[in-house]
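Below are the chains, spelled out letter by letter.
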Amino acid sequence: WKPVLLLLSPPAFSTTCARCAKDRRLRQKRAFTERQLTRYFVDHRKVRVVGGRGGAGGHSFYSEPRKIFGGPDGGNGGDGGHVILKADQQTKSLSSVLPFYQGFHGERGGNKNCYGANGAYVYVKVPVGTLVKEDGEVVADLTEHGEEYVAAYGGAGGKGNRFFLSNENRSPTLFTPGEPGQERVLHLELKTTAHAGLVGFPNAGKSSLLRAISRAKPAVAAYPFTTLNPHVGIVHYQDYEQVAVADIPGLIKGAHQNRGLGVTFLKHIERCRFLLYVVDLSVPQPWTQLQDLKYELEQFDRGLSERPCVVIGNKIDLAESRINLPLLRERVAERVIALSALTGDNLEELLGHLRELYDTYVKTEQSRGQSPVKW
């Protein structure tokens, strides 16, 4: 008799299950597209805030050996926590603000006259320059780093039966529940968007230009209104100064009458300190674009088109652009910088002039006794 070793193959379903598990892991590790990774700049948010509820008062009587009737000893409940908006210089957008916040509830009062713990405060970080509005009225303006505003107060804690002890009532059984917290609906609006704003018609090349001078990744495509939300890119200089440039969605004629993307994005331009008009040099008569843009800005807010600015003639790599460039400079009083956001031609001149505009803005704010916006 000799033992026989049988080599049994694993069942067929085990190989199939392993393959399915591998496919599931690959699907979980699937790379996100660039559009999914894009973080939009949010400058307005509707938030519902509710303060924490106060804890109920305690109801108990003290008792120990040889002292049965020790009297009431129920402590008061803790107060509910507040919801506090706090200006933070490191926060640049309202994208991290959630639509609902509630403070922590206070704890119930205990025996032996122990008070309940107060509910913890909930701090909501918002960018410096955030306006807090309620029913259309400004209730707070957070302009300094670390400045706080109590958005919703927590409810007061209830009273324990010890609180109601008196000469007339030596054994009170009355205790009160905690009060509910304050509830409000607030509108947060960011007053400061960026230092510079890219203003232009759709497909003028604003998003491509922002990609070329910063690390921002706005969507770029060959159709109008590619940018539906503002993007902010940071331009870094060797002396560690940072200039924020906002890619404003494209405007059209009649934008001040809420046509196209409307007045919402004209407000973004209103918050910029200086403007960069982006003009497509490849179209016939590109100077008419600048005239139409200034007209829309002036109709929305008188004096807005008079802010410090520079005209950027984009798409200089095209043959039609080289013909229109001298004609544009003849009809435009502002400085014209011709460049190509696609090939990167003459970006150094734009970055140099952008720094000049920023330095002028800083000196102007300091002369007025105000602190300039830093990123």
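Residues numbered from 1 in each chain as written. Predicted model: local features only at pLDDT ≥ 70, side-chain atom pairs only at ≥ 80, totals over all residues. Heavy atoms only, no water.

Here three strands make up an open sheet; going across it, the order is 4-2-7 and the pairing mixed. If you trace the sheet from one side to the other, it starts and ends with strand 4 (122–127) and strand 7 (148–152), each paired once. Each adjacent strand pair in this sheet contributes to an overall mean axis angle of 30°, direction not counted. As paired strands, strand 2 (residues 83–88) and strand 7 are joined by four bridges and run antiparallel to one another. By the bridge assignment for strand 7, isoleucine 84 is matched with valine 150. (Pairing = 2+ DSSP bridges. Helix = DSSP H or I, 4+ residues; strand = E, 2+ residues; numbered from the N terminus. Axes fitted to C-alpha atoms, helices over the stretch in contact; angles between N-to-C directions.)

The phi dihedral of glutamine 285 falls on the positive side, at around 50°, and the residue is not glycine. Of note, glutamine 285 is situated in the loop between strand 12 (274–280) and helix 5 (287–300). Its identity as a non-glycine residue notwithstanding, lysine 315 has a phi of 65°, on the positive side. Turning to its location among the elements, lysine 315 is positioned in the loop between strand 13 (309–314) and helix 6 (319–331).

Time to look at the packing of aromatic side chains. Evaluation of the coordinates by the stated rule reveals two aromatic pairs. Here the aromatic rings of phenylalanine 163 and phenylalanine 164 are separated by 5.3 Å at their centres, their planes lie at 90°, and the arrangement is edge-to-face. Here lysine 86 stacks its cationic end above the ring of tyrosine 123, 5.8 Å away from the centre of that ring. In this structure, lysine 159 is placed above the aromatic ring of phenylalanine 163, and the distance from its NZ or CZ to the ring centre is 5.0 Å. (Phe/Tyr/Trp six-rings, centres within 6.5 Å; stacked < 30°, edge-to-face > 60°. Lys NZ or Arg CZ within 6 Å of the ring centre and 35° of its normal.)

Here strand 9 (residues 196–199) shows no split at all, with Ala196 and Leu198 on one side and Gly197 and Val199 on the other all buried. Here strand 9 pairs with strand 11 (residues 242–247) via three bridges, running parallel. Counterpart to glycine 197 in the pairing with strand 11 is alanine 246. The pairing of strand 9 with strand 12 spans four bridges and is classified as parallel. From the neighbouring strand, valine 199 faces strand 12, where its bridge partner is tyrosine 277. (Buried < 20%, exposed > 50% of the residue type's maximum accessible area, 1.4 Å probe, protein only.)

Once that is clear, we can look at the packing of helix 3 (residues 206–213) against helix 7 (residues 347–367). Relative to each other, helix 3 and helix 7 sit at 80°, their axes nearing to 11 Å. It follows from the interaxial angle that helix 3 and helix 7 lie roughly perpendicular. Side by side, helix 3 and helix 7 meet where Leu209, Ala212 and Ile213 of the first sit next to Leu347, Leu350 and Leu351 of the second. Here the contact of helix 3 with helix 7 is built from residues that sort into six nonpolar, no polar and no charged. (Parallel < 35°, antiparallel > 145°, perpendicular 65-115°, else oblique. Contact = heavy atoms within 4.5 Å. Nonpolar A, V, L, I, M, F, W, Y, C, P; charged D, E, K, R; others polar.)

Take the sheet that holds strand 1 (residues 44–50) next. Spatially, the five strands line up as an open sheet ordered 3-1-8-5-6, and their pairing is mixed. The sheet terminates laterally at strand 3 (100–102) and strand 6 (137–142), the two strands that pair on one side only. In this sheet, neighbouring strand axes are inclined to one another by 30° on average, regardless of whether the strands run parallel or antiparallel. As defined by bridge partners, strand 5 (residues 130–134) adjoins strand 6 across five bridges and the pair is classed as antiparallel. Residue pairing in the sheet places leucine 131 in a bridge with aspartate 141 of strand 6.

With respect to the helices, strands and loops of the structure, lysine 206 is situated in helix 3. The charged side chain of lysine 206 is buried without a salt bridge, its nearest counter-charge being aspartate 247 at 5.0 Å. At 3.1 Å, the side chain of lysine 206 and the backbone oxygen of phenylalanine 201 are in polar contact. (Lys, Arg positive; Asp, Glu negative; His and termini not counted. Salt bridge = Lys/Arg side-chain N within 4 Å of Asp/Glu carboxyl O. Polar contact = N/O pair within 3.5 Å; in protein donor to acceptor, adjacent residues only side chain to side chain.)

Tracing the sequence through the fold places glycine 154 in the loop between strand 7 and strand 8 (183–190). Residue glycine 154 is classed as buried on the basis of its relative accessible area, which comes to 19%. Sequence-wise, glycine 154 and glutamine 182 are 28 residues apart; in three dimensions their C-alpha atoms are separated by 6.2 Å.

This part takes up the confidence of the model for the protein. Confidence along the protein averages 81 in pLDDT terms, with 81% of residues attaining 70 or more. Taken together, the stretch residues 1–9 has pLDDT below 50 and engages in zero contacts with residues farther than four places along the chain or on a different chain. Confidence over residues 32–38 falls short of pLDDT 50; this stretch has seven contacts with residues more than four positions distant or in other chains. (pLDDT = per-residue confidence, 0-100.)

Attention shifts here to the pattern of salt bridges. Scanning the model with the defined rule gives nine salt bridges in all. Linking glutamate 183 and arginine 48 is a salt bridge whose minimum nitrogen-to-oxygen distance equals 2.8 Å. A residue pair is termed long-range when its members are at least 10 positions apart, and glutamate 183 in strand 8 and arginine 48 in strand 1 qualify at 135 residues. Its salt-bridge partner being glutamate 189, residue lysine 133 comes within 3.0 Å of it at the nearest N-O pair. Taken together, the residues span a long stretch of sequence, with lysine 133 in strand 5 and glutamate 189 in strand 8 at a distance of 56 residues.

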